[in-house]
Amino acid sequence: GRASLSLSTKRQEIDLGFTEPYFLDREIAAGFDIFEVHSDFQTQSEFDERSTGLVLRASYPLSETLSLGVNYKIRQDIINDVPSTASIFIQNEAGSNITSSVGYVLTYDRRDDKIEPTQGYVLRGGQDFAGAGGSVRYVRSSATATQYFPIADQVVFSTGVEGGYINGIGQPVNLASRFFVGGDDFRGFADGGIGPRDLVTNDSLGANIYYVGTAELTFPIGLPSEFGILGRTFVQAGSAFGIDVSGPTLFDSHAPRATTGVGLSWKSPFGPIRVDLGVPIRKEGEDKTEIFRFNFGTRF
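Here's what I pulled together on the structure shown here.

What counts, and where the lines are drawn
- All residue numbers refer to position in the chain's written sequence, counted from 1.
- Since the coordinates come from a predicted model, pLDDT governs what is reported: local features require at least 70, and pairs of side-chain atoms require 80 or more to be given and counted, while whole-chain, interface and lining totals use all residues.
- Just so you know, side-chain values use all the structure's heavy atoms and leave hydrogens and water out.
- A helix here means a DSSP run of H or I that spans at least four residues, while a strand means a run of E at least two residues long, and both kinds are numbered starting from the N terminus.
- A 1.4 Å probe rolled over the protein chains alone gives each residue an accessible area, and that area as a share of the maximum for its type sets the label: buried under 20%, exposed over 50%, partly exposed in between.
- Residues are treated as being in contact if the distance between any of their heavy atoms lies within 4.5 Å.
- Surface accessibility in these figures is a Shrake-Rupley result with a 1.4 Å probe; residues are shielded only by whichever protein chains are displayed.
- A positive count includes Lys and Arg, and a negative count includes Asp and Glu. His and the chain ends are not counted in either.
- Charge positions come from single atoms, namely NZ of Lys, CZ of Arg, CG of Asp or CD of Glu.
- Two N or O atoms form a polar contact when they lie within 3.5 Å of each other; inside protein one atom must be a possible hydrogen donor and the other a possible acceptor, and for residues adjacent in sequence the pair counts only when both atoms belong to side chains.
- Like-charged residues are merged into a patch within 9 Å and nonpolar side chains (Val, Leu, Ile, Met, Phe, Trp, Tyr) within 5 Å, provided each residue has over 30% relative accessible area and no salt bridge.
- Here, a salt bridge means any side-chain nitrogen of Lys or Arg that lies within 4 Å of a carboxyl oxygen of Asp or Glu.
- Stacked, tilted and edge-to-face are the three classes applied to pairs of Phe, Tyr and Trp rings, where Trp contributes its six-membered ring and a pair requires centres within 6.5 Å; stacked means planes under 30 degrees apart, edge-to-face means over 60, and tilted covers the rest.
- Buried Ala, Val, Leu, Ile, Met, Phe, Trp, Tyr and Cys residues that are joined via side-chain atoms within 4.5 Å together make up what is termed a nonpolar core.

## Topic: the overall build of the protein chain
Scanning the protein chain from terminus to terminus reveals 2 helices and 18 strands. Seen along its three principal axes, the alpha-carbon backbone of the protein chain occupies a region of about 55 × 50 × 30 Å. Buried positions account for 38% of the 300 residues belonging to the protein chain. Sequence-distant contacts, at least 24 apart, represent 56% of the contacts inside the protein chain between residues at least 6 apart. Summing over all exposed atoms, the protein chain offers an accessible surface of approximately 15,600 Å²; the carbon and sulfur share of this is 59%. Of note, the protein chain has its 26 positive side-chain charges centred 2 Å away from the centre of its 36 negative side-chain charges.

## Description of the side chain of Asp 48
Following the sequence through the fold, Asp 48 ends up in strand β4 (residues 48–61). Residue Asp 48 is classed as buried on the basis of its relative accessible area, which comes to 17%. Side-chain polar atoms of Asp 48 contact the side chain of Gln 42, separated by 3.2 Å.

## Observations concerning a nonpolar patch on the surface
Together, Ile 14, Leu 16, Phe 18, Phe 32, Ile 34, Leu 54, Leu 56, Ile 74 and Ile 98 give the surface a local cluster of nonpolar side chains, amounting to about 710 Å² of exposed area. Only β2 (11–20), β3 (29–40) and β4 provide two or more residues apiece to the nonpolar patch.

## Thoughts on the pattern of salt bridges
Scanning all chains against the criterion turns up 17 salt bridges. Residues Glu 93 and Arg 178 are paired through a salt bridge, measuring 3.2 Å at the closest nitrogen-oxygen approach. Separated by 85 residues along the polypeptide, Glu 93 in the loop between α2 (88–91) and β6 (95–109) and Arg 178 in the loop between β9 (155–168) and β10 (188–189) bring together distant segments of the chain. What makes Glu 93 buried here is its relative accessible area of 18%. A residue is classified by how much of its surface remains accessible, and Arg 178, at 8% relative accessible area, is buried. In this structure, Asp 276 and Arg 232 form a salt bridge, with 2.9 Å as the shortest nitrogen-oxygen distance.

## Considering the packing of aromatic side chains
Describing an aromatic ring pair means giving the distance of the ring centres and the angle of the ring planes. According to the stated counting rule, one finds 7 aromatic pairs in the structure shown. Summarising the aromatic geometry, the rings of Tyr 108 and Tyr 121 are spaced 6.1 Å apart at their centres and angled 45° between planes, so their arrangement reads as tilted. Here Tyr 108 is found in strand β6, whereas its partner Tyr 121 is found in strand β7 (residues 120–134), with 13 residues between them in sequence. An aromatic cluster is built from Phe 41, Phe 47 and Phe 180, whose rings are joined through pairwise contacts.

## Some remarks on the environment of Thr 43
Position of Thr 43 among the secondary structure elements: in helix α1 (residues 42–45). Thr 43 sits in the exposed class, given a relative accessible area of 62%. Between the alpha carbons of Thr 43 and Asp 191 there is a distance of 9.4 Å; along the sequence they are 148 residues apart.

## Observations concerning the nonpolar core
Val 181, Phe 186, Ile 194, Tyr 210 and Ala 240 are the most contacted members of the largest nonpolar core, which has 14 residues in total. Not counting residues within four places of it along the chain, the set of residues in contact with Ile 194 comprises Val 181, Phe 186, Phe 189, Ser 239, Ala 240, Arg 257 and Asp 287. One finds Phe 41, Ile 79, Leu 175 and Ile 243 within the second-largest nonpolar core, a separate group that totals 9 residues.

Read these as geometric descriptors, not functional statements.
Right, here's the structure in full:
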């Protein structure tokens, strides 16, 4: 079983889960998650979101390196606390939607270690199909690829790319289903810092398409290894664009953005902590930057 409670000034999350590693006496890991998430997007987009849902999931190894995961998810997303000053594109989205979706993920993993890899690569790709009931219909595809190269003891160079594309089926892609890019997945930019935006209200609207590429060097900084502190330097480039609304106040640019920076990772007794300083070296004038990023509890 698993229970987690995540609290921050912008997000409160409760997640209860259970996994049976040998379901039906086979090598099938099956389980479920029940979650409720309250997110405050007032700073970047002038709305709050409450998401409540259930996930049924199972994964099965097809070979030593290839595994298949399948899931069914039903969730309710409520967009509320939308002020009259918010973008009309967000005011039009206020209310509740039910998403019922089935999905799969294929993972091909040739890394030497799943927690702290030093060599090898991992490829992951999947799709979600929403519309088996509920009020939302779409196909969402996503993929990631990361490769690790050992340089010296505790010095690892990695390159990776991730991306996603969502396409509405007979309806526009709604606000809660779009990709908001920035922050942890694109350092140097704020949450939702790139992508379509209302030029009048400056509200981030989310995107239907995104990609981010990363090159990173991780290295010791001279402290004893038992401290669990590593330094890193990185470069990232990517973009987020495409949206199913239009209007004279809409900003939507395909232009690539890029950042560079340094950071620290600490395997603390309370969980992993990472601190990053990211500086955009290519951005659009409408983007929202964030030089300093502190992250607690996310797997590196």
